[in-house]
Structure formats: structure tokens, C-alpha cells
Amino acid sequence: MQKYPDYNFVQKCLRRIEAQLDWGTSQSWHNDVFLELSERIQNKTNVLLSPTTLKRVWGKVDYKSAPSISTLNTLAQFAGFVNWRDFKNSIPQKKESWLARTITPNLGIIITSAAIMTLIFISFYSMIGSNSSPASAIDYSQVSFSSHPIAKGLPNSVVFNFDVSTLKTDSLYIQQYWDPNRTIKINTDQKQATGIYYFPGYFRAKLLADGKRIKGHDLFITSEGWLGTLDYKPLPKYLLDQQITKGSLSFPESILNEIRAREQPLVSSYHYVGNFGNISGDNFSLATRVRSIYNEKWAVCQYLRLFVLGTKGAFVIPFSIPGCASDLGLMLNDVYVNGKEHDLSALGSDFTTYRDINLNVENKKVTIRIDDKIVYSKKYNESIGNFVGLRYKFLGAGEVAHVRIYEDNKKSLFFEENFDQP
């Protein structure tokens with residue numbers, strides 16, 4: 001990545017953020033990490049920085065321009081400062097030493113001399129090194145790594161089976177999914193370890209040696225029907241299928257009272273994750289009807305996010321009342337649209353009454369309708385793989401009246417749920 005004038009300051013700010021998050025080195029961060037970071041930054045600063053913007057700043061995406069001042073101000077605020085200027089002023093400025101003033105005018109001569117000495121050293125090393133035998137490479141083909149869930153439902157413990165006896169290292173970990181903190185320390189004498197998963201989904205487990213990924217595999221945690229959660233941290237509260245599917249997908253009155261009593265924002269979710277076979281996530285249609293049933297205090301914006309989950313990626317389709325559209329962020333797998341930088345007001349509607357939402361995906365082009373009116377359409381590039389499930393997230397609480405999913409642009413109905421309605 002090309003260095004810009006404030007590059008060194010930006011790196012100091014990023015290191016400070018990494019230290020505060022304590023998610024491990026950013027070298028191991030993947031797409032989901034930046035999605036989580038985007039949400040955390042928005043929660044703290046009320047500014048949405050898209051995962052794409054964050055990946056550019058962290059150097060994960062080649063980008064030649066410097067971050068905008070609004071991006072820098074937001075990062076500084078997330079790091080605990082008033083703005084970017086305040087952060088820069090907090091960094092002590094070193095005065096140029098006498099030695100630096102002496103060396104700088106003669107820098108060209110010094111560099112030339114160093115280059116000549118380097119060539120001499122390389123030539124000498126080549127002569128004496130040709131007779132020595134090279135170090136043997138590590139054969140990772142002798143390493144095995146697999147897993148299986150212990151039970152059905154959530155939370156769910158998973159047994160990892162492995163053979164790492166050929167490795168000569170004491171830095172061995174299993175990373176359960178994208179979060180580098182969700183790791184399990186193992187040693188070369190072990191054959192098994194267990195981990196726990198709190199939400200259903202399609203995960204990628206990794207075996208790490210000296211911080212390097214040497215093995216990985218997909219891990220599928222299904223919801224076993226519809227699952228409701230109150231997304232407390234670190235452990236959610238679960239409601240099973242029979243508790244939330246009576247006439248509509250909704251929480252019982254006792255849970256709604258619990259949500260209303262909260263002084264701090266709380267997200268509630270409905271999950272359906274399962275094996276749908278070889279249904280392409282790049283060619284399908286979804287018809288659903290939803291409404292918000294708590295829109296007071298911290299839930300006044302009626303935020304709703306619809307997740308479409310695939311084996312290789314996901315969509316996140318956000319909705320709110322029109323006045324809160326600036327805080328929306330749309331994700332179509334590898335394509336991100338920030339409501340601060342683009343007009344997403346068409347995704348705004350009053351969800352206190354039921355709204356019909358239709359999602360049509362055809363050849364990696366997503367078209368979104370509200371009450372049969374097209375409100376947004378955009379293409380993405382990278383496939384999300386096969387369709388594996390849905391997730392509804394409400395700030396507060398909401399209801400789902402029905403769900404219908406069709407393969408190949410409404411040619412074949414492969415999933416329908418009316419929640420026992422007549």
C-alpha cells in the first residue's frame with residue numbers, strides 16, 4: 001500500500017485500536033472481523049465505516065488514496081479521542097538528532113556503500129553455503145484435522161480430532177471461527193479438544209501452528225428448526241421453535257416485557273440454518289412479511305436487518321424508518337454500501353404495520369422490493385455459495401408472518417413457513 005503523509009500516525013492509531021479490541025494481530029483478520037468492527041465503531045461513534053473502508057485502512061485491500069478526514073476522525077473517536085487532530089497532538093514529536101542532521105546530507109553515499117557491502121556478503125555466503133545441506137521442510141500432509149458437533153441445538157459443543165505429533169512447536173491453536181480470540185490451546189501429544197458455539201451458522205475452523213494456518217475445514221451448526229435469541233453478551237438467551245412459532249414468528253409476552261424493561265439497547269434475532277441441498281445463493285427469490293413491535297426509547301428507528309447466509313458469504317439487507325436511513329449499511333457479500341455516503345432512504349419505511357419484503361437474486365444481481373415496489377438493485381461479484389439459511393435481527397423485537405423461498409427466480413418453491421396460520 002502506498003504511503004501517504006499521515007501514514008505513520010494512522011498506523012499508531014490502528015495499533016491502539018487493535019490493543020483495545022484484543023482480537024489478536026490484524027494479519028489474521030478476515031472479512032467477518034471487519035464486519036464486527038464496523039458494527040462496534042457504529043455503536044460507539046454513530047458513524048458507519050463499511051468493512052471495505054476498514055480493510056483499505058488496514059491495508060487488506062490495495063488502495064492508493066489516503067483515508068478521508070471523516071474516516072480518520074471516526075477512527076480517532078473509536079480509539080478514545082475527540083477527533084483526528086486530538087489524536088495526532090497526543091503523539092510526542094521527536095526532534096531531529098545531531099546524528100540525523102549529520103547523516104541526511106550524506107545519505108546517498110551511505111546507501112551506495114551499504115549496497116556494495118551487501119553484494120560482497122551475499123557472494124561470500126553463497127560460496128560457503130553451497131556445501132551445507134538445506135533445512136528439511138515441514139510436511140503438513142502428515143497433519144490431520146476434523147470435527148463434529150456433540151449434539152443438536154444451541155449452544156453446541158464441537159469435538160475437534162487431530163494429529164499434530166509430527167510438528168515441532170509449542171504454539172498450536174484451534175481457531176473456532178473468524179474471531180482470533182475464540183481459540184483453543186493444544187499440544188503435540190493431544191488427539192482431541194472441544195469448543196462451544198452459541199449461534200447457528202456456516203463456520204471455517206482453522207488449525208494454527210506458530211500463527212500460520214496449516215489446516216482448515218467447514219463446520220456446519222444448524223438451528224434445528226426456528227431458533228429465537230435475545231442477543232445478550234457473552235451468552236444469549238434461547239427460545240426454541242415451539243415457543244416462537246404460534247401463528248407468526250414472534251416472542252412470548254414475557255420476553256417482550258423483558259425487552260421493554262431494558263434501559264440499554266437489546267437485539268433480538270430469529271434464525272433458521274439448515275441443509276437445503278445444492279440451492280444456489282446467487283439465484284433465488286425470497287418473499288417475507290415483517291413488522292416491528294417495539295419502537296420506543298432506544299428502538300425508535302425500528303432497525304431491522306435481514307441476513308441471507310451462504311456457504312461462502314452472506315447478504316445483510318437493512319431497514320429502518322426513513323429518518324434513520326443515514327445509519328444503514330448494506331452488504332451484498334463483497335459489495336458494501338454506506339448510508340453516510342449513499343442514499344439508502346428507499347430502504348426506509350414504517351414497520352409498525354406489516355410490510356412485504358421481496359428479495360430477488362439473479363446472476364449475482366440483488367433486487368429489493370417493499371410492498372411490491374422496487375426500492376434498490378445492485379450487483380455483486382463474489383458468489384455466496386449454496387443457500388444455508390436466514391437470520392432476522394430486530395433492535396427491540398419484531399414479528400415475521402410468513403417466509404417463502406423459490407429457486408431460479410420463482411420457478412420452484414423449496415421452503416415455505418406460515419407458522420401454523422390458517
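Residues numbered from 1 in each chain as written. Predicted model: local features only at pLDDT ≥ 70, side-chain atom pairs only at ≥ 80, totals over all residues. Heavy atoms only, no water.

Enquirer: For this particular structure, what's the right way to read the confidence of the model for the protein?
Expert: Counting all residues, the mean pLDDT for the protein is 86, and 87% of those residues have values of 70 or more. Note that pLDDT drops below 50 for residues 128-136; the model gives that stretch 0 contacts with residues more than four away or on any other chain. (pLDDT = per-residue confidence, 0-100. Contact = heavy atoms within 4.5 Å.)

Enquirer: Please explain the packing of aromatic side chains as it appears in this structure.
Expert: Each aromatic ring pair is characterised by the separation of its centres together with the angle its planes make. Applying the stated criterion across every chain, the model contains 25 aromatic pairs. Both rings, one in Phe145 and one in Phe160, keep their centres 5.9 Å apart while their planes meet at 10°; by these two values the pair is stacked. On the criterion of sequence distance, the pair formed by Phe145 in strand β1 (residues 144-149) and Phe160 in strand β2 (residues 156-163) is long-range, its members being 15 residues apart. Relative accessible area serves as the criterion here: at 0%, Phe160 is assigned to the buried category. Grouped by ring-pair contacts, the aromatic residues Trp226, Tyr272, Phe276, Phe284, Phe387, Tyr392, Phe414, Phe415 and Phe419 constitute a single cluster. Its end group placed over the ring of Phe78, Lys44 keeps NZ or CZ at 5.4 Å from the ring centre. Across from the ring centre of Tyr173, 5.5 Å away, lies the NZ or CZ of Lys185, which sits over that ring. (Phe/Tyr/Trp six-rings, centres within 6.5 Å; stacked < 30°, edge-to-face > 60°. Helix = DSSP H or I, 4+ residues; strand = E, 2+ residues; numbered from the N terminus. Buried < 20%, exposed > 50% of the residue type's maximum accessible area, 1.4 Å probe, protein only. Lys NZ or Arg CZ within 6 Å of the ring centre and 35° of its normal.)

Enquirer: Would you mind showing me how to read the sheet that holds strand β20 (residues 398-407) here?
Expert: Whenever strands of a sheet pair, they do so through backbone hydrogen bonds, lying parallel or antiparallel. The strand order across the open sheet built from 6 strands is β18-β17-β16-β11-β20-β21, with neighbouring strands paired in antiparallel fashion. A strand with exactly one partner marks an edge of an open sheet, and here the two such strands are β18 (373-379) and β21 (412-417). Between one strand axis and the next, the sheet turns through 15° on average, direction left out of account. Pairing between strand β17 (residues 365-370) and β18: 6 bridges, direction antiparallel. In the sheet register, Arg369 faces β18, and the bridge partner there is Ile374. (Pairing = 2+ DSSP bridges. Axes fitted to C-alpha atoms, helices over the stretch in contact; angles between N-to-C directions.)

Enquirer: Where do I start with the pattern of salt bridges in this structure?
Expert: According to the stated counting rule, one finds 14 salt bridges in the structure shown. The shortest N-O distance in the salt bridge between Asp371 and Arg355 comes to 3.0 Å. Of this pair, Asp371 sits in the loop between β17 and β18 while Arg355 sits in strand β16 (residues 355-362), and the two are 16 residues apart along the sequence. (Salt bridge = Lys/Arg side-chain N within 4 Å of Asp/Glu carboxyl O.)

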